Amino acid sequence: MLFWRADTKAGCQELIRKSCDRQWESVCLPCARKRLRTAWDQCGTGWHLDDEPPDVTVKPDRDTVSVMTYRADLMRQGKEALETGDEKWLADVREALDNVDQQLREVHGVRGKLPGLEDDEEERKPRRVRSTRRQDAPDLPRKPVPCSMP
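The notes below deal with the structure included here. (Residues numbered from 1 in each chain as written. Predicted model: local features only at pLDDT ≥ 70, side-chain atom pairs only at ≥ 80, totals over all residues. Heavy atoms only, no water.)

Digging into the overall build of the protein
Quick reminder of the rule: Working definition: helices are DSSP H or I runs of at least four residues, strands are E runs of at least two. Numbering for both runs from the N terminus. Both definitions apply: the radius of gyration is a C-alpha atom measure, and the globule rule equals 2.2 Å times residues to the power 0.38. Residue exposure (1.4 Å probe, protein chains only): buried if accessible area is under 20% of the type maximum, exposed if over 50%, otherwise partly exposed. Residues are treated as being in contact if the distance between any of their heavy atoms lies within 4.5 Å. Values of accessible area rely on a 1.4 Å probe in the Shrake-Rupley scheme; residue burial ignores everything except the protein chains shown. Charged residues are defined here as Lys and Arg on the positive side and Asp and Glu on the negative side; His and the ends of the chain fall outside this count. Where a charge sits is defined by one atom per residue type, namely NZ (Lys), CZ (Arg), CG (Asp) or CD (Glu).
Across its full length, the protein holds 4 helices and 2 strands. Beginning at the N terminus, the succession of helices and strands in the protein can be written as β-β-α-α-α-α. For the protein, the C-alpha radius of gyration of 32 Å lies well beyond 15 Å, the compact-globule estimate for 150 residues. Once the C-alpha set of the protein is aligned to its principal axes, its extents read approximately 90 × 65 × 35 Å. Buried positions account for 14% of the 150 residues belonging to the protein. For the protein, restricting intrachain contacts to residue pairs at least 6 apart in sequence, the fraction spanning at least 24 positions comes to 33%. For the protein, the accessible area works out to roughly 14,200 Å², and carbon and sulfur atoms hold 53% of it. For the protein, the distance from the average site of its 28 positive side-chain charges to the average site of its 29 negative ones is 14 Å.

See below:
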C-alpha cells in the first residue's frame, strides 16, 4: 500500500510503500496473502509450539559403526567380484549384504534405502514420462507465417 510521508523540517512530502498489515482479503488482498504466507512459514518451522520439539537424531554407537564398516567392506568385495566376474563370490557377497542390511534395520534402527552394488542400480525402472499432447485429436492445419527478416 502507498502512503504519503511528510517531512515537517524540510517541508516536503514523499510517497512510500508500506504494508497496511490487514488480515482480510476484502480490505487489502496483497497484505492478507502476505500475512497468510508468513503464518504458513511460521507454522512449518514450529513457531506455534509451546515447547521445543525433542531432538530425534541419535549418534550411532560402536556396534552400529562396526556393522556399517563391515557393510562397506562387503560392498568393496562385491565390486571386486563384479569386476572379476566370479558369480559364486558375488552371490555370497549379496547374501551377506542382505543379512547385514536386515540386521541394520531391525537391531540398529537404520531407515531409508541403503546403496546396493552397481548392477543392482542399473536394474531400476526408467523414469516414467507422460505426454500432455492429446492422442485422440488430429493435428490442426497451420497457416504459413511470412518471414519479416531482410
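What follows continues from the structure just given.
A closer look at the nonpolar core
Note the threshold: What is meant by a nonpolar core is a set of buried Ala, Val, Leu, Ile, Met, Phe, Trp, Tyr and Cys residues, joined one to another through side-chain atoms within 4.5 Å.
By size, the foremost hydrophobic cluster in this structure holds 12 residues: Val67, Leu74, Met75, Ala81, Leu90, Val93, Ala96, Leu97, Val100, Leu104, Leu114 and Leu117. Every element with two or more residues in this core is listed here: helix H2 (62–84) and helix H3 (87–106). Sorting elements by how many residues they give to this core places H3 first, with 6 residues. In this structure alanine 81 touches Asp86, Trp89 and Leu90, once residues within four positions along its chain are discounted.

What about the pattern of salt bridges?
Going by this rule: When a carboxyl oxygen of Asp or Glu is within 4 Å of a side-chain nitrogen of Lys or Arg, the pair counts as a salt bridge.
Using the criterion set out here, one finds 3 salt bridges in the structure. The partner of aspartate 101 in a salt bridge is arginine 71, and the shortest N-O contact between them spans 2.5 Å. Within this pair, whereas aspartate 101 is found in helix H3, its partner arginine 71 is found in helix H2, the two being separated by 30 residues in sequence. Between lysine 88 and aspartate 92 there is a salt bridge; the shortest N-O distance is 3.6 Å.

Considering H3
Convention followed: A helix is expected to span 1.5 Å multiplied by its residue count minus one. This arc is taken over the directions from the axis of the helix to the C-beta atoms.
In this model H3 runs 29 Å from its N-terminal to its C-terminal C-alpha over 20 residues, within 8% of the 28 Å that 1.5 Å per residue would give. Among all positions in H3, only Leu90, Val93, Ala96, Leu97, Val100, Asp101 and Leu104 are buried. Seen along its axis, H3 keeps its buried residues to an arc of 140°; they face one direction. The outward face of H3, more than 90 degrees from its buried face, is lined by the exposed residues Glu87, Lys88, Glu95, Asp98 and Glu106. Taken together, the buried residues of H3 touch H2.

Concerning the environment of arginine 62
For arginine 62, the position within the fold is in helix H2. A residue is classified by how much of its surface remains accessible, and arginine 62, at 78% relative accessible area, is exposed. Sequence separation between arginine 62 and aspartate 51 is 11 residues; the distance between their C-alpha atoms is 32 Å.

Remarks on H2
What sets the pattern is the α-helix's 3.6 residues per turn: residues three or four places apart point alike. The terminal C-alpha atoms of H2, which comprises 23 residues, lie 33 Å apart, in line with the 33 Å expected from a rise of 1.5 Å per residue. Within H2 the residues assigned to the buried category are Thr64, Val67, Arg71, Leu74, Met75, Gly78 and Ala81. In this structure, the buried side of H2 is in contact with H3. Positive backbone phi, approximately 85°, marks glycine 85, located one or two places after H2.

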